[in-house]
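One-letter residues, chain by chain:
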Amino acid sequence: MTVETHAGAFAGAARLIAAMAVSSTLSIAPAFAANLDGTVLGAGKPIARSTVTLWAGSAAAPKQLAQTQTDADGRFTVALPVTADALYLVANGGRPAASNDAGDNAAIGLLAALGSVPPSKIVINEFTTVASVWTHAQFIDGTAIKGQPLQLKIAAGNVPSFVDLTTGGWGATIQDPLNSGQTPTMANFATVADALAGCVVRVTTDACARLFEAAKGPAGAMPADTLTAAQAIARYPWYQPERVFALLEAFYPVPQGKTMRAVPYMPYLQVSPSAWVLPLKFDGGGYRAGGKAMFDADGNLWVGNNFTIGWQASDALWQGNATKFDPNGKPLSPITTGFTGGGMQGGTFGAAIDLKGNVWLSSYGSKSIAVFDKAGNPLTPPDGINFGGRLGLMQGIITAPNGDVWALGISKRQLLYFPKGDWNNGRIVCEGDSAEPCKSFTAPFHLAIDQQDRIWVSDSSLHVIRFPAAHPSKSVKFDVRSNNSGLNVDSRGNVWVTNRFGSGLLGMAHMVDMAVHLKTGGVLSASDYLTKTMSEQTGGSGSVTVLQPDGSQLPGSPFKGGGLPGPWAVVIDGNDNVWVSNFAMPASPIVQLCGVRTENCPPGFKTGDQISPPGGYVGGGLQLQTDIAIGPAGDVWAMNNWQDIDSCYPGATEALSTRCGGQGVVVFFGMAKPVRAPQIGPAKAY
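Predicted, not measured: the structure shown is a model, and the values here were computed from it.

Conventions used here
- Residues numbered from 1 in each chain as written.
- Predicted model: local features only at pLDDT ≥ 70, side-chain atom pairs only at ≥ 80, totals over all residues.
- Heavy atoms only, no water.
- Helix = DSSP H or I, 4+ residues; strand = E, 2+ residues; numbered from the N terminus.
- Buried < 20%, exposed > 50% of the residue type's maximum accessible area, 1.4 Å probe, protein only.
- Contact = heavy atoms within 4.5 Å.
- Lys, Arg positive; Asp, Glu negative; His and termini not counted.
- Charge placed at Lys NZ, Arg CZ, Asp CG, Glu CD.
- Pairing = 2+ DSSP bridges.
- Axes fitted to C-alpha atoms, helices over the stretch in contact; angles between N-to-C directions.
- Polar contact = N/O pair within 3.5 Å; in protein donor to acceptor, adjacent residues only side chain to side chain.
- Parallel < 35°, antiparallel > 145°, perpendicular 65-115°, else oblique.
- Left-handed = near helix turned anticlockwise from the far one by under 90°.
- Disulfide = S-S within 2.5 Å.
- pLDDT = per-residue confidence, 0-100.
- Core = buried A, V, L, I, M, F, W, Y, C linked by side-chain atoms within 4.5 Å.
- Salt bridge = Lys/Arg side-chain N within 4 Å of Asp/Glu carboxyl O.
- Phe/Tyr/Trp six-rings, centres within 6.5 Å; stacked < 30°, edge-to-face > 60°.
- Lys NZ or Arg CZ within 6 Å of the ring centre and 35° of its normal.

**Some words on the overall build of the protein chain**
- Across its full length, the protein chain carries nine helices and 37 strands.
- Across the 686 residues that make up the protein chain, the buried fraction comes to 59%.
- Summarising the internal contacts of the protein chain: among those between residues at least 6 apart in sequence, 61% fall at separations of at least 24.
- Each charge sign in the protein chain was given a centre, from 46 positive and 48 negative side chains, and these centres are 3 Å apart.

**A word on the sheet that holds strand 26 (residues 454-458)**
- Strands sit in the order 25-26-27-28 across an open sheet of four strands; the sheet is antiparallel. The open sheet has two free edges, formed respectively by strand 25 (446-449) and strand 28 (476-479), since each of these has just one partner strand. Mean inter-strand twist for the sheet, computed between neighbouring axes without regard to direction, equals 25°.
- Looking at chain direction, strand 27 (residues 463-468) and strand 28 are connected through four bridges and run antiparallel. Of the residues in strand 28, the one forming a bridge with R466 is V476.

**Quick word on helix 6 (residues 226-235)**
- In terms of residue burial, helix 6 counts as a mostly covered element, since eight of its 10 residues are buried.
- T226, L227, A229, A230, Q231, A232, I233 and A234 are the residues of helix 6 that are buried.
- For helix 6, the side-chain oxygen to backbone nitrogen distance between the N-cap and L227 is 3.2 Å, and the N-cap itself is D225.

**Things to note about the packing of helix 2 (residues 126-135) against helix 4 (residues 185-200)**
- Relative orientation of the contacting elements helix 2 and helix 4 amounts to 120°, with a least axis distance of 9 Å. What the angle tells us is that helix 2 and helix 4 run oblique. Taken as a pair, helix 2 and helix 4 cross one another with a handedness that is right-handed. Residues E126, F127, T129, V130, A131 and W134 of helix 2 touch helix 4, and the partners they reach there are F189, A190, V192, A193, L196, A197 and V200.

**Remarks on the state of the cysteines**
- Under the defined criterion, the tally for this structure stands at four disulfides.
- Through a disulfide, C199 is tied to C208; the S-S separation comes to 2.1 Å. Residues C199 and C208 share a disulfide whose torsion about the S-S bond is about 95°; that sign makes it right-handed.
- Overall, the relative accessible area of 11% leaves C208 in the buried class.
- Note on cysteine connectivity: C430 is disulfide-linked to C438, with sulfurs 2.1 Å apart. The sign of the S-S torsion, about 80°, decides the handedness of the disulfide formed by C430 and C438: right-handed.

**Quick word on the confidence of the model for the protein chain**
- Summing up the model confidence of the protein chain, the mean pLDDT is 93 and the portion of residues at 70 or higher is 95%.
- For the stretch residues 1-30, pLDDT sits under 50, and the model shows three contacts to residues farther than four places along the chain or on other chains.

**Quick look at the nonpolar core**
- Ranked by size, the top nonpolar core spans 97 residues in total, and within it L89, I124, W134 and L301 carry the most contacts.
- When residues in this core are grouped by element, the largest group, 11 residues, is from helix 4.
- When neighbours within four sequence positions are excluded, I124 is seen to be in contact with T39, V40, L41, V52, F76, L89, A91, L110, L111 and A112.
- In this structure, W318, A443, C648 and C660 belong to the second largest nonpolar core, which totals 48 residues.

**So, the sheet that holds strand 8 (residues 109-115)**
- Strand order in the open sheet made by the four strands is 4-3-6-8, with antiparallel pairing throughout. The open sheet terminates on both sides in strands that have one partner only, identified here as strand 4 (63-69) and strand 8. Recorded for the sheet is a direction-independent mean angle of 20° between the axes of neighbouring strands.
- Across six bridges, strand 3 (residues 51-56) lies against strand 4 in antiparallel orientation. Looking at strand 4, one finds that L54 is bridged to A66.

**Comments concerning the pairing of strand 20 (residues 369-372)**
- Covered by surrounding structure in strand 20 are I369 and V371 together with A370 and F372, the residues of both alternating faces.
- Taken together, the four bridges between strand 19 (residues 359-363) and strand 20 define a ladder with antiparallel strand orientation. Opposite V359, over in strand 20, you have F372 as the bridge partner.
- From the end of strand 19 to the start of strand 20, which pair antiparallel, there are five residues, and K367 there has a positive phi angle of about 50°.

**Concerning the pattern of salt bridges**
- Across all of its chains, the model carries 13 salt bridges by this definition.
- One salt bridge connects R413 with D433, and the closest N-O pair in it is separated by 2.6 Å. With R413 in the loop between strand 22 (405-409) and strand 23 (414-418) and D433 in the loop between strand 24 (427-431) and strand 25, this pair connects stretches of sequence that are 20 residues apart.
- Of the charged contacts in the structure, one is a salt bridge between D609 and K606, with a shortest N-O distance of 3.3 Å.
- Residue classification places K606 among the exposed residues on the basis of a relative accessible area of 54%.
- Through salt bridges with shared partners, a single ionic network connects R49, R95 and D104.

**Examining the environment of N100**
- With respect to the helices and strands, the residue N100 is situated in the loop between strand 7 (95-96) and strand 8.
- In this structure, the C-alpha to C-alpha distance between N100 and R202, residues 102 residues apart in sequence, is 7.0 Å.

**Describing unusual backbone geometry**
- A cis amide bond links M266 with the next residue in sequence, P267, at an omega value of 5°.
- Here E436 and P437 are connected by a cis peptide whose omega angle stands at 5°.
- Non-glycine residue A86 carries a positive phi angle of around 55°.
- Along the chain, A86 turns up in the loop between strand 5 (75-81) and strand 6 (87-92).
- Non-glycine residue R481 carries a positive phi angle of around 60°.
- For R481, the position within the fold is in the loop between strand 28 and strand 29 (484-489).

**What about the packing of aromatic side chains?**
- As enumerated under the stated definition, the model contains 31 aromatic pairs in all.
- Here F325 and W637 contribute two aromatic rings whose centre-to-centre distance is 6.4 Å and whose plane-to-plane angle is 50°, an arrangement assigned as tilted. Note that F325 is positioned in strand 17 (residues 322-325) and W637 in strand 36 (residues 636-642), a separation of 312 residues in sequence.
- Relative accessible area serves as the criterion here: at 2%, W637 is assigned to the buried category.
- Plain terms: the ring middles of W406 and Y417 are 4.7 Å apart, the flat faces sit at 45° to each other, and that makes the pair tilted. Of this pair, W406 sits in strand 22 while Y417 sits in strand 23, and the two are 11 residues apart along the sequence.
- On the accessibility criterion, Y417 (17% relative accessible area) is buried.
- Members of the aromatic cluster, each reached through a chain of ring pairs, are F127, F162, W170, F189, Y265 and F669.
- The ring of W568 has R500 lying over it, and the distance from NZ or CZ to the ring centre is 4.7 Å.
- A cation over an aromatic ring shows up here: K532 above the ring of Y649, its NZ or CZ 4.3 Å from the ring centre.

Right, dumping it as structure tokens:
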């Protein structure tokens, strides 16, 4: 080949590259459209020479978009892309101005999750790190954030609830009246940030080594920097929490003659927490005494309420409406009334999303079922679905994978069937002693469908009933020896059932008393006895039974624990671990149990063991709960149902007469392996 040929080839290639560049410029927008100015701080002071990297998370490996280094004042600028989801910034290393030795610290790792719409200015510090790690706990590994678009959108949307990204200070929700002075969450949050800051600025020569040792999980590798230390704490919040708490004294002892620790972030804890959890409470949208809840395909939570805000709520009259929260806790339904109409009057433990995205909610007050569209518009008539007034008090509703909807009536022992979710062609399959499975019902409460298209019904009695969806009359009963309420099916077809009174002799005695109330006074009398009795129970009073697919009990069942004072609802997460709500003490806990896939449990745990602390996970303003739900981002939502038991019955003090209904939902962020929403059939992991 001649020299001229070489030259021609190079010239041609140059023209081709230039043409491609012009074509690209004309067909798509520039890769970067704006700059983001930020500051990296440690213990409130600049970190110089820190390497700041802009990433975009996705379902695949995250993509690095830009990288720069902070100046002497901790400032940096990075170019932002025109469009990108799940943006986040990681700051590694640098020289913190607050450090005693003023040297570079390779153990610095700080994070700020920005989402798809970053602010114009950003601070990266210990606060943004704690907020970003806890909300992304199910998706982060080192500096990599990986998840489905909806999941990462929800996780990033939760960050501002904890921190103001523009200042690095407190966010709006964590310091609002529901959270700041009512729960220990602010102190938990700030204490973790103080522990990280101790390493960032090396308050002692061995500060980082002590942080890493305190943060290390039961089977995890030793953290390498403050970012991985935060992740280790968030993944195992229940594991020896006193180790991190002890760093307060090690890093910030109270100076002689003083009374306060010289920490960079306040308020700090006075005593060790039972777990490093950061729950927040959200209210509004007409929420009052929420019953059953369901996530829709967009991650919004729908709840049917027992009562309406402002009423002198009474267990004898349920008149609540429907509430909708967005995935980040913002109420989307009207502030006081919620969504109304369509027969909605007093939501119960019946909520389902059908294959069209419509929301089905059962009612006590109207003795009917209401259906709303995605926007909250009622689709059913003003009196709801009531079959000409034939229905009694309604409870559980589910959508089967084939689109059929099934529902239960508790007071008249009814089973309802709506083929493909068509309420115009629905029918009452049976009621009372007309046919099975209703003949076997005592007070049917909730239901679930397994992988073999068999429906399991909790009966508020000593039994669980199972029947094939195709042949309801072919029912069988299984003895669980206790008053049951919630139930759910894991990936292997096992049925987890909550026993509200437990499975011991005292529980049996309560069952006898409750049966007398049911016989002499009906469902409402039995319900009053149930709630009053449960409100006095303490840790270990309840239990959870597990039935194998053939109906026999799983070895070791029923399972007990100090975090089960009055178990009500049970859900399965994407790891097949089990989460249980409690309707018992004024500040009831929620509980995490090891499921049947023990490889997804911490080392040494077996099926039924309590992963959460001995008393369960607490805080966040938890009250007496009914349902518990797991969102697409792994957030665990608990529905506060009642708060003042004495306010729920005649004779309540006037000043407390509106305080029967529970206040708000409590969200524990990033705690569970996510499941797909809406849940139709057994839970499915992403």
